[in-house]
Amino acid sequence: MKRYVAVLDIVFYVVFPLIVWHGGRDLIGDYYAMLVSSVPGILYSIYRFYEIRKLNVFGLFMLGNLVVGTLLDVLAGSAMQLLWNNVFYGYAMALLFIGTAVLKKPIALYFGLDLMELQGFEKSKLKPLFNKKKIFMIFTLITVAFALRDVIQATFKIWLIQEYGVEAFDKGLIARQVISWGFSIFTVIGFVYITKLLQGEKAFQEMFRHSSLNKSTEAKVVDGQKG
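Because the structure is predicted, anything quoted here is derived from the model rather than measured. (Residues numbered from 1 in each chain as written. Predicted model: local features only at pLDDT ≥ 70, side-chain atom pairs only at ≥ 80, totals over all residues. Heavy atoms only, no water.)

*Asks:* Provide a residue-level description of the side chain of Asp73, including the pertinent values.
*Replies:* Along the chain, the position of Asp73 falls in helix α4 (residues 57–76). Arg176 is the oppositely charged side chain nearest to the buried, salt-bridge-free Asp73, at an N-O distance of 7.7 Å. The residues contacting Asp73, other than those within four sequence positions of it, are Tyr31, Leu35, Leu82 and Asn86. (Helix = DSSP H or I, 4+ residues; strand = E, 2+ residues; numbered from the N terminus. Buried < 20%, exposed > 50% of the residue type's maximum accessible area, 1.4 Å probe, protein only. Lys, Arg positive; Asp, Glu negative; His and termini not counted. Salt bridge = Lys/Arg side-chain N within 4 Å of Asp/Glu carboxyl O. Contact = heavy atoms within 4.5 Å.)

*Asks:* Explain the nonpolar core residue by residue, including any values.
*Replies:* Judged by nonpolar contacts, the single largest core of 26 residues is most densely connected at Leu126 and Phe130. Elements that contribute at least two residues to this core include exactly α5 (79–102), α6 (107–117), α7 (123–130), α8 (133–164), α9 (168–198) and α10 (202–209). For this core, the element with the highest residue contribution is α8, accounting for 7 residues. Residues in contact with Phe130, not counting those within four places in the same chain, are Leu109, Gly112, Leu113, Met116, Ile135, Phe136, Phe139 and Leu198. Tyr31, Ala33, Ala79 and Leu83 belong to the second-largest nonpolar core, a separate cluster that totals 19 residues. (Core = buried A, V, L, I, M, F, W, Y, C linked by side-chain atoms within 4.5 Å.)

*Asks:* Account for a nonpolar patch on the surface, naming residues and giving values.
*Replies:* Together, Leu27, Ile28, Tyr32, Val36, Val39, Leu43 and Ile46 make up a nonpolar patch on the protein surface, roughly 690 Å² of accessible area in all. No other element matches helix α3 (residues 39–52), which puts 3 residues into the nonpolar patch. Mapping Leu43 onto the fold places it in helix α3. (Patch = residues over 30% accessible without salt bridge, like charges linked within 9 Å, V, L, I, M, F, W, Y side chains within 5 Å. Areas by Shrake-Rupley, 256 points an atom, 1.4 Å probe, with all protein chains shown as cover.)

*Asks:* Before we move on, can you summarise the packing of α4 against α5 with the specific residues and values?
*Replies:* In the contact formed by α4 and α5, the axes pass within 9 Å of each other and the chain directions differ by 150°. By the angle between their axes, α4 is roughly antiparallel relative to α5. Where α4 crosses over α5, the handedness of that crossing is right-handed. Here α4 contributes Phe61, Gly64, Asn65, Val68, Gly69, Leu72, Asp73 and Ala76 to the contact with α5, which in turn contributes Gln81, Leu82, Asn85, Asn86, Tyr89, Met93, Leu96 and Phe97. (Axes fitted to C-alpha atoms, helices over the stretch in contact; angles between N-to-C directions. Parallel < 35°, antiparallel > 145°, perpendicular 65-115°, else oblique. Left-handed = near helix turned anticlockwise from the far one by under 90°.)

*Asks:* If you had to explain the environment of Phe208 to someone new, which residues and values would you point to?
*Replies:* For Phe208, the location among the structural elements is in helix α10. The class of Phe208 is partly exposed, set by a relative accessible area of 29%. In this structure, the C-alpha to C-alpha distance between Phe208 and Phe121, residues 87 residues apart in sequence, is 7.3 Å.

In structure tokens, the structure reads:
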């Protein structure tokens with residue numbers, strides 16, 4: 001599944017919702033079509049959470065984001081209010097990201113720890129390396145990028161709502177995905193650079209030798225040689 005995350009994101013967060021929106025709004029109305037169109041994305045997010053199978057920071061963030069987002073949609077009561085709730089929520093998420101950066105607890109750092117733990121690294125040993133000045137600064141910049149992404153998305157949605165009204169729904173879905181993947185490029189570059197810095201650390205080299213990621217890589221090499 002990991003190989004096709006980008007494709008699956010587009011299918012479940014854009015393609016299916018657009019199909020439901022355009023096919024269902026005349027039958028059940030704009031508001032309920034919006035609610036139903038979010039179901040594929042919700043189910044997909046639950047599956048992504050199930051894959052993690054751990055209530056770490058990243059898992060709790062995914063779960064919390066899913067629950068709050070769904071509640072805001074259900075409690076909106078109308079199509080227009082649902083659109084505005086998404087705008088307000090976007091700004092609230094941006095404040096959350098900025099808050100973690102200001103408090104010197106950038107959430108991207110904890111996401112990184114969780115993802116590395118899934119590869120067989122020990123958080124307690126990895127955290128001191130993540131808190132080194134240069135690496136910590138990059139995690140902070142990535143967190144700020146998360147906030148900037150949500151601000152841009154929310155601001156663009158305001159323009160869409162004012163310009164198109166309820167018709168802004170489908171345009172917002174596409175815009176959100178484009179903006180998200182645009183910022184994902186920056187995030188990936190940041191994590192790649194962090195990995196490069198870590199590779200120069202003896203402590204990390206030792207941890208890597210005993211990680212499941214290294215064992216998996218070695219197994220693939222052996223299988224390739226046999227083939």
